[in-house]
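# Report on the structure
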Amino acid sequence: QLVENLECRVSYLLGGFRWKDRYFRTGAIRKVWRGRPDVVLGCEYSLVTIALALYRFVFRAKFKLYTMTDDNELQFRARKGVKSILRWLFVRLLDGIVVTNEAVRRAYEAITPKQARAQYYVVPILHDEDKMRKDADSIIRAGRDWRERHLSRFENVALYVGRLDEVKNVKWLVSRFKGIANVALVMVGAGEQGMEIEEMVAAEKMSNVFLLGRKEGREVYEMMSMADVLVLPSSFEPYGAVVGEALQWGTPCVVSDRVGASVLIYHGENGEVFKTGDAADFQRKLFSLFYRGKTGNSLLKVNLETAVKKLVSAMYG
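Heads up: these notes are all about the structure in this document.

## Structural notes on the pairing of strand β8 (residues 183-188)
Counting buried residues along β8, six of its six residues qualify, which places the element largely inside the surrounding structure. Here β8 shows a buried face lined by Val-183, Leu-185 and Met-187 and a second buried face lined by Ala-184, Val-186 and Val-188. Judged from the six bridges that link them, strand β7 (residues 156-161) and β8 form a sheet pairing that is parallel. Counterpart to Val-157 in the pairing with β8 is Ala-184. Since β7 and β8 lie parallel, the crossover through helix α8 (residues 170-175) that links them has a hand, and here it is right-handed. In terms of strand pairing, β8 meets strand β9 (residues 209-213) through four bridges, oriented parallel. When the bridges of β9 are listed, Leu-185 appears paired with Val-209. Once you follow β8 into helix α9 (residues 194-203) and on to β9, the crossover reads as right-handed.

Below, the structure written as structure tokens:
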């Protein structure tokens, strides 16, 4: 589905071998040597990026070399061992790193030697809004119809989208809705805790919790368009792209302070950030958004197209 949306020519480095959980992709250097690119964009601290950095250093190649990372500030501070060593190397060898928020950019700048040439560019993980909302009217209508059929007796609807596992804090989330008769919790996703949650909901007779299983694309957007609030209570979340998607559908978000995408939340405008595991803080902020209501218009403060254009201009400049 992602490949079908690409608007450029692509090819893949499929050669090489695998050792444990690492792929050693051969052919990257040969591709660069033959293609003579002006810019190469790597991914994280990958072996391909390391090989290209060393190739450029040894042979004094002229192309600019960047990488990108979705680390949040908490992950940045926690980096130890090999990845910490590679980060130390990369800020000295690369032209720059693409990060997802300002806090990580500042953290990288703080460890970069003054004589290094590395620059840092902030591009949040967002979808192309025009593509995502291409059929907005019919998606919103379908979401509204689904809500009227299944949730008409509830005054407010909270939505969770993601895996059903421990790190997402989903059992804790479900327990927060016990005894709240006028609020529904709709959960989209599957995972190792799915059966436990089903049993928990049945045992507690929580008729306000709806488990819809895994959904993708348009069906997820229908749920986002009909919900009053998206909730993401993860105890650890490098980013959380569903937050950006929900905001693009005009749905405010309540997220934990361990969610990387909390950088997209502006207090009192498009959502709230609560202290991880703090039930009182969560419920206070959730209900503050219910009372505030939603407009249906995009709540994002950052435009992906503008951010990418700035990035491309800076990389080639």
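Back to the write-up after that little detour.
## Notes on the sheet that holds strand β5 (residues 96-99)
Taking strand neighbours across the sheet as the criterion, the four strands line up as β3-β4-β5-β6 in an open arrangement whose pairing is parallel. Lying at the two open borders of the sheet, with one neighbouring strand each, are β3 (39-41) and β6 (119-122). Each adjacent strand pair in this sheet contributes to an overall mean axis angle of 20°, direction not counted. Inspection of the sheet shows β3 paired to strand β4 (residues 64-68) by three bridges, in the parallel sense.

## Regarding the packing of helix α7 (residues 136-150) against helix α10 (residues 218-226)
Their axes nearest at 8 Å, the elements α7 and α10 cross at an angle of 70°. In terms of axis orientation, α7 runs roughly perpendicular to α10. Handedness of the crossing formed by α7 with α10: right-handed. Counted together, Ser-138, Ile-139, Ile-140, Ala-142, Gly-143, Arg-144, Trp-146 and Arg-147 of α7 and Arg-218, Tyr-221, Glu-222, Met-223, Ser-225 and Met-226 of α10 form the full contact between these two elements.

## Structural notes on the sheet that holds strand β12 (residues 271-274)
Pairing in this open sheet of six strands is parallel, and the strands run β9-β8-β7-β10-β11-β12 from one edge to the other. At either margin of the open sheet sits one strand with a lone partner, and together these are β9 and β12. Taking each pair of neighbouring strands and ignoring which way they run, the sheet shows an average axis angle of 20°. By the bridge criterion, four bridges tie strand β11 (residues 253-256) to β12 in an arrangement that is parallel. When the sheet's bridge partners are listed, Val-254 is paired in β12 with Glu-272. Most of the contacts of helix α12 (residues 279-292) go to β12, to which it runs at about 175°, and overall it touches β7, β8, β10 (229-232), β11 and β12.

## Quick notes on the packing of helix α1 (residues 28-35) against helix α2 (residues 47-59)
The description of two packed helices rests on the angle between their axes and on the distance between the axes. The geometry of α1 relative to α2 is characterised by a closest axis approach of 9 Å and an angle of 50° between their N-to-C directions. By the angle between their directions, the pair α1 and α2 is classed as oblique. For the element pair α1 and α2, the recorded crossing hand is right-handed. Taken together, the residues of α2 that come into contact with α1 (itself represented by Ala-28, Ile-29, Val-32 and Trp-33) are Val-48, Ala-51, Leu-52 and Tyr-55. A breakdown of the residues in the contact of α1 with α2 according to their chemical character gives eight nonpolar, no polar and no charged.

## Things to note about the nonpolar core
Note on soluble globular proteins: their nonpolar side chains tend to be buried together. Of all hydrophobic cores here, the largest spans 61 residues; its most connected members are Val-186, Met-187, Met-224, Val-231 and Val-243. At six residues, the largest contribution of residues to this core is made by β8. Excluding residues within four positions of it along the chain, Val-186 makes contact with Trp-146, Leu-151, Val-157, Ala-158, Leu-159, Tyr-160, Phe-210, Leu-212, Met-223 and Met-226. Ranked by size, the runner-up nonpolar core spans 22 residues in total, among them Ile-50, Leu-52, Ala-107 and Tyr-108.

## A short note on the pattern of salt bridges
Inspection of every chain in the model, using the stated rule, returns 20 salt bridges. In this structure, the salt-bridge partner of Lys-178 is Glu-204, at a minimum N-O distance of 2.8 Å. Of this pair, Lys-178 sits in the loop between α8 and β8 while Glu-204 sits in the loop between α9 and β9, and the two are 26 residues apart along the sequence. Residue classification places Glu-204 among the partly exposed positions, given a relative accessible area of 38%. Arg-214 serves as the salt-bridge partner of Glu-216, at 2.8 Å between the closest nitrogen and oxygen. One salt-bridge network, in which partners are shared between bridges, spans Arg-56, Asp-95 and Arg-117.

## Details of the packing of aromatic side chains
What describes a pair of aromatic rings is the distance from one ring centre to the other and the angle between the planes of the rings. Counting across every chain of the model gives 15 aromatic pairs. An aromatic cluster is present here, built from Trp-172, Phe-177, Phe-274 and Phe-282 joined pairwise through their rings. Directly above the aromatic system of Phe-57 lies the positively charged group of Arg-60, at a separation of 5.1 Å from the ring centroid. Over the face of the ring belonging to Phe-76 we find Arg-87, whose NZ or CZ atom lies 4.0 Å from the ring centre.

The rules we used
- Residues numbered from 1 in each chain as written.
- Predicted model: local features only at pLDDT ≥ 70, side-chain atom pairs only at ≥ 80, totals over all residues.
- Heavy atoms only, no water.
- Buried < 20%, exposed > 50% of the residue type's maximum accessible area, 1.4 Å probe, protein only.
- Helix = DSSP H or I, 4+ residues; strand = E, 2+ residues; numbered from the N terminus.
- Pairing = 2+ DSSP bridges.
- Right-handed = clockwise from strand over helix to strand, strands pointing away.
- Axes fitted to C-alpha atoms, helices over the stretch in contact; angles between N-to-C directions.
- Parallel < 35°, antiparallel > 145°, perpendicular 65-115°, else oblique.
- Left-handed = near helix turned anticlockwise from the far one by under 90°.
- Contact = heavy atoms within 4.5 Å.
- Nonpolar A, V, L, I, M, F, W, Y, C, P; charged D, E, K, R; others polar.
- Core = buried A, V, L, I, M, F, W, Y, C linked by side-chain atoms within 4.5 Å.
- Salt bridge = Lys/Arg side-chain N within 4 Å of Asp/Glu carboxyl O.
- Phe/Tyr/Trp six-rings, centres within 6.5 Å; stacked < 30°, edge-to-face > 60°.
- Lys NZ or Arg CZ within 6 Å of the ring centre and 35° of its normal.

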